[in-house]
Amino acid sequence: MLRKFKEFVIEKLILLCGIASVIFVALIFVFLLKEGLSVFKFVRIGEFLAGRSWYPISEPAQLGILPLILGSLWVTFGAAVISVPIGLGCAVYIAEIAPGRTKEVLKGGIELLAAIPSVVLGFIGMVTLVPLVKNVFHLSTGLTGLSGSIILAFMAMPTIVSIAEDALYAVPKSYKEGAFALGATHWQTIWRVLLPAASSGIVAAVMLGIGRVIGETMAVMMITGNSAVIPRGLLEPLRTLTATIAAEMGEAVVGSEHYFALFAIGIILFIISFAINVTADLFLHKHK
Amino acid sequence: MHEKMNAKMEAREINFYYGAVRALKNINMSITGNTVTAIIGPSGCGKSTFIRLLNRMHELVAGSRVEGHVYLDGKDILDPTIDAVDVRRSVGMVFQKPNPFPKTIFENISYGLTVNNVRDKDYIEAKVVESLKKAALWDEVKDRLKDNALRLSGGQQQRLCIARCLAVGPEVLLFDEPCASLDPISTGKIEELMLELKKNYTIVIVTHNMQQAARVSDTTGFFLMGELIEFGKTQDIFTAPKNKQTEAYITGRFG
């Protein structure tokens, strides 16, 4: 009897551990919704999403997050343009071309890059990259979207490289043999056979890399200049959704419209990264 | 140039090493044009290693090393100044497991042409049809060229791989146990096809199946532990082998 009871308790405890992550996500989402949706008592959803001015503590407060959304999109776009070609090139090199020893060194390097805390990357960007961008483009400040994009590209690279490399590695060796036996060169084999065969994994790699970029906060806050105006390009200071929450949450009065607006921004971020992850997942499991 | 010009392909004093392991020992073999040469022997005897040498596919294996010469029409194709890509366009290969690309039937065959920088669409289309007909697959797939090749049956996939090979315009075809994963009916079709292809191509086939070797080949070579034990007319090898080991193998006493 006692033995049965013990089994019952342990089983239920393990069950609880098993579903904990789902419960946490649900709780976080509910909390976000509850706090975030309250902002729409003060501002209409259209004004919130498409409003061009973000002055949360003026009187009356102006809560338009369009500059922040565009800031996030610009930085993400810039980071993708830089990291996707380099990351895929790196993955192809590691999976197909690099000899044994070089391969191990490169993989180790990529893992190390992933292990650098974002605040350190932000700091390095601040002292090296920001002055460089300022001088190269003759700007009044180097705290720009471009600086943010470059540092974020470094952060997306490890994800893109390791997942794309896995995908390339998973392509059956017989495809490669078949292409070689037809007199294809190594590059023709990579470009026409291996990359298409690994395409779903590669798309997933890119999506997850971008997901990482969108959610990143610390580095972008340090080097993008944080001015909440609609950016017209990457050579201007801008501010992202994430940096806004991090910078302003500490000084927002609990229960104020500013406070609720920051939670609403959290909802937007949650939706974006959820969508990206689901898409990546769809591609990753396409063949299963 | 080499003295024996009547041989389509000729292997001379081939030694092959995987790292420190010597996988082929002093192989000499002369392959006559427009014949089928079967290579038989127990697993691990070096027959796949040998056939892969004939179009330099062995280079895909890291740490392998070869000594000796392989002549194709008198030209040494193991010469490092000769591009392996050119060799493989003249000496095609079909593998043990059908390995069509995950593309359409049409694209599978046109692939070999596009990597050769053929851009003329009409020519490609004509060549695809011609290759499928030569591989005796045309009637079965003519209405579904846009289907994914992976939807074909195993036997059809293997014939597609043969068609893919033919499209590039090789002179020699290497078959590395082409029927090992096929049912008897598909196997029969591939064998028929080989006899037909022999008219225009020179064929070398590695097989585990004694009957198959006896049915399709003109010449047979028996490999054992990396050595070519006996090489001669198929009829002689199967009816009156000169070597005791050959006799033991073909009568099924080991292997």
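Located above this text is the structure these notes cover.
Everything numeric here is computed off the predicted structure, so don't read it as measured data.

Trainee: I'd like a rundown of the interface of chain B and chain A, residues and numbers included.
Mentor: Listed by partner, the interface residues are 24 residues for chain B and 16 residues for chain A. One can count one salt bridge joining chain B with chain A. One salt bridge connects arginine 52 of chain B with glutamate 177 of chain A, and the closest N-O pair in it is separated by 2.9 Å. The interface formed by chain B and chain A includes six residue pairs in polar contact (both at pLDDT 80 or more). Counting only elements with at least two residues in the side of chain B that touches chain A, the list comes to α2 (84-90), β6 (91-94), α3 (105-114) and α6 (154-167) of chain B. Here the side of chain B that touches chain A is built from residues that sort into 14 nonpolar, four polar and six charged.

Trainee: Explain the pairing of strand β2 (residues 21-32) of chain B to me, and be specific about the residues and the numbers.
Mentor: Residues and elements named next belong to chain B. Sheet topology places strand β1 (residues 7-18) next to β2; eight bridges connect them, and they run antiparallel. Bridging from a neighbouring strand, alanine 11 pairs with methionine 29 of β2. The loop that links β1 with its antiparallel partner β2 comprises two residues; one of these, glycine 19, has a positive phi angle of about 60°.

Trainee: How would you explain the packing of aromatic side chains if you had to name every residue and give the values?
Mentor: This structure, assessed with the given rule, holds 13 aromatic pairs over all chains. With a centroid separation of 5.7 Å and an interplanar angle of 85°, the aromatic rings of phenylalanine 31 of chain A and phenylalanine 263 of chain A are classed as edge-to-face. One end of the pair, phenylalanine 31 of chain A, is in helix α1 (residues 2-37); the other, phenylalanine 263 of chain A, is in helix α12 (residues 257-284), with 232 residues separating them in the sequence. Three or more aromatic residues link up through ring pairs in this structure, and these residues are Phe31, Phe42, Tyr259, Phe260 and Phe263 of chain A. Positioned above the aromatic ring of tyrosine 17 of chain B is the side chain of arginine 65 of chain B, whose terminal nitrogen or guanidinium carbon lies 4.4 Å from the ring centre.

Cut-offs and rules
- Residues numbered from 1 in each chain as written.
- Chains lettered and ligands numbered in written order.
- Predicted model: local features only at pLDDT ≥ 70, side-chain atom pairs only at ≥ 80, totals over all residues.
- Heavy atoms only, no water.
- Contact = heavy atoms within 4.5 Å.
- Salt bridge = Lys/Arg side-chain N within 4 Å of Asp/Glu carboxyl O.
- Polar contact = N/O pair within 3.5 Å; in protein donor to acceptor, adjacent residues only side chain to side chain.
- Helix = DSSP H or I, 4+ residues; strand = E, 2+ residues; numbered from the N terminus.
- Nonpolar A, V, L, I, M, F, W, Y, C, P; charged D, E, K, R; others polar.
- Pairing = 2+ DSSP bridges.
- Phe/Tyr/Trp six-rings, centres within 6.5 Å; stacked < 30°, edge-to-face > 60°.
- Lys NZ or Arg CZ within 6 Å of the ring centre and 35° of its normal.

Interpretation in functional terms is not warranted from these geometric data alone.
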